[in-house]
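Single-letter residue listing:
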Amino acid sequence: MEGPSALAPPIGSAPHGVSPRTLRAAEILSRLVAFETVSRSSNLDLVAFVTDYLSQHGVQARLIHDATKTKASILATIGPRNMPGVVLSAHTDVVPCEGQNWATPPFTATSRGGRIFGRGTSDMKGFVAAVLAQVPDLCAAELCAPVHLAFSYDEELGCRGAPDLVKQVAKISKKPLLCIVGEPTQMRVIRGHKGKIARRITIHGRGGHSAYPYRGANAVNAAVQIAMGLRAIARELEARRDAEGFDPPYASVHIGSLHGGTALNLIPETAVLEFEIRSTPKTDLAEILGRIDTIVAACLASLQTAAPESRIESENLIDYPGLECDGAGPAARFVTRLSGTSAEPATISFGTEAGLYAAAGIPTLVCGPGDIARAHIADEWIGLDELDEASAMLDRLRDLLTQPDWADCLN
Ligand SMILES: [Zn+2]
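Quick look at the structure, then. The residue numbers shown here count from 1 along each chain, following its written sequence. Only residues with pLDDT of 70 or above have their local features reported here, since the model is predicted, and side-chain atom pairs are shown and tallied only from 80 upward, although totals for entire chains, interfaces and linings are computed over all residues. Neither water nor hydrogens contribute to the side-chain values; these are computed over all heavy atoms in the structure.

On to the packing of aromatic side chains, then. The aromatic pairing rule takes the rings of Phe, Tyr and Trp, using the six-membered ring of Trp, and pairs them if the centres are within 6.5 Å, calling planes under 30 degrees apart stacked, those over 60 edge-to-face and the rest tilted. Taken as a whole and judged by the stated rule, the model has three aromatic pairs. Between Y212 and Y214, the ring centres sit 6.5 Å apart and the planes meet at 90 degrees, which makes this aromatic pair edge-to-face. Ring-over charges, as used throughout, are those where CZ of Arg or NZ of Lys falls within 6 Å of the ring centre and within 35 degrees of the ring normal. Positioned above the aromatic ring of W381, the side-chain terminus of R115 is 3.7 Å from the ring centre. Positioned over the ring face of Y212 is R215, at 3.9 Å from the centre of the ring.

The subject of this paragraph is the coordination of the zinc ion. Shown as donors are all N, O and S atoms within 2.8 Å of a metal ion, widened to 3.2 Å for Na, K and Ca; because water is not in the atom set, sites may appear incomplete. In the first shell of the zinc ion, the protein supplies H91 (NE2), D123 (OD), E183 (OE) and E183 (OE), at 1.8 to 2.7 Å from the metal. Within one chain, the residues donating to the zinc ion are spaced in sequence as H-x31-D-x59-E. Taken together, the residues D123 in helix α3 (residues 121-140) and E183 in the loop between β7 (178-181) and β8 (190-193) connect sequence positions 60 residues apart. Strands are runs of DSSP state E lasting at least two residues, helices are runs of H or I lasting at least four, and both sets are numbered from the N terminus onward.

Let us look at the packing of helix α1 (residues 20-34) against helix α9 (residues 384-401). Helix axes are fitted to C-alpha atoms over the stretch in contact, other axes to C-alpha atoms as well, and angles between N-to-C directions run from 0 to 180 degrees. Put simply, α1 and α9 touch, their axes get as near as 9 Å, and they point 110 degrees apart. As the angle between them shows, α1 and α9 are arranged roughly perpendicular. Contacts from R21, T22, A25, A26 and L29 of α1 reach α9 at L384, L387, D388, S391, A392 and D395. We call Asp, Glu, Lys and Arg charged. Ala, Val, Leu, Ile, Met, Phe, Trp, Tyr, Cys and Pro are nonpolar, and the rest, Gly among them, are polar. Considering only residue class, the contact of α1 with α9 consists of six nonpolar, two polar and three charged. For this classification, under 35 degrees means roughly parallel, over 145 means roughly antiparallel, 65 to 115 means roughly perpendicular, and everything else is oblique. Here, residues are in contact when the closest pair of their heavy atoms is within 4.5 Å.

What follows covers the environment of A263. Looking at where A263 falls in the secondary structure, it is placed in the loop between β11 (252-260) and β12 (266-267). The sequence separation of A263 and S210 amounts to 53 residues, and the corresponding C-alpha distance is 9.5 Å.

Now for the nonpolar core. By size, the foremost hydrophobic cluster in this structure holds 62 residues, and its most contacted members are L54 and L132. Element by element, the count of residues in this core is highest for α3, at ten residues. Ignoring any residue separated from it by four or fewer positions in sequence, one finds L54 in contact with V59, A61, I74, A76, L132, V135 and L149. We call a set of buried residues a nonpolar core when its members are Ala, Val, Leu, Ile, Met, Phe, Trp, Tyr or Cys and they connect through side-chain atoms within 4.5 Å of each other. Any residue under 20% of the maximum accessible area for its type is buried, any over 50% is exposed, and the rest in between are partly exposed; the area is computed with a 1.4 Å probe on protein chains only.

What follows is about the sheet that holds strand β14 (residues 311-320). The strand order across the open sheet formed by four strands is β11-β13-β9-β14, and the pairing between neighbours is antiparallel. Strands with a single pairing partner mark the edges of an open sheet, and in this sheet they are β11 and β14. On average, adjacent strands in this sheet sit at an angle of 15 degrees to one another, irrespective of strand direction. Relative to strand β13 (residues 270-279), β11 is paired through eight bridges, and the arrangement is antiparallel. Bridge pairing links G260 to A271 in β13. Sheet contacts for helix α5 (residues 219-240): β9 (195-204), β11 and β13; angle to β11, the most-contacted strand, approximately 170 degrees. When DSSP finds two or more bridges between two strands, those strands count as paired.

Given below as structure tokens:
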């Protein structure tokens, strides 16, 4: 593994006037982009690169593997372990590029006009690079509190990798006082986002000739009945409008797919329906899921009256909590100060791992470089100026952590 000094700069020329610190982050970003850490693939090569880099600076990382041992999260601590510190959270996976028309190779960082193009530059290897570029300075600083680096996998599949990592972070003997999730918010401080539960319901009825519908159990009819029940709940939640500051300002129930039957003259034997709920902080999820279970149970009972062997399977696809942090509270004020912006903490419409950290009792906000509008699409990019802003935030954090009374403002 090459040393930090041998990091490759992005292809293309860096514009004049770029600070060495930003150039360093850009070089690391270039290396990170080259690892094709699409969520379906292993991220272990990237993990090896990061852990080697950290160990060259004397930082030992812990890996938390998934069940298949093909993916791992990284947890590393810089600074005194006998004090509560700050978590910097990111994910290492990226979304696929298939079917997208890229002007440059997506897994080769290409620098042009002050921008670095490549998959994951905004979401969110740019932040990872800025954090890694800060490591030598963090190691050299006389920190009064530690910085914990927490890098996950499978975030893009619905925050599947983070729960095991968050469990380990929550077990740190001096529980962190703050977590910053560096998802791309253009350095805007984010205090809240919705939670999400997605489910697949598979209905198995009984097929037969369509001339004798009473002899079968029509799975499509059951799926439609469930879909109508979901729509009724969706309309009710929409009318509540209980989430001011969110877009839309209510919890949403969305049916994303509904498939069933094979031919017009056959009674459909199976049907599959996928739906999601995006909950607001005020949503009583248990109550809504209970109502959905009741609807599904009624459908099953009706199917089994016609065909006792009928069954319905319900599978959780995605499940992560929302984030709700007091926008006027000490943690939000602290991160706003770090971010270098003066804007009021806001909400976002996309999900992050922040709700998992918050649920573990760690005050958490989202703030990072890049723009979610550029994520997941062709020609994703991040500006060198944006990398610089992220580095400036980390500089401020490092400087604050060298002051013994740094945490006073968090209390
Ligand atoms: Zn992301």
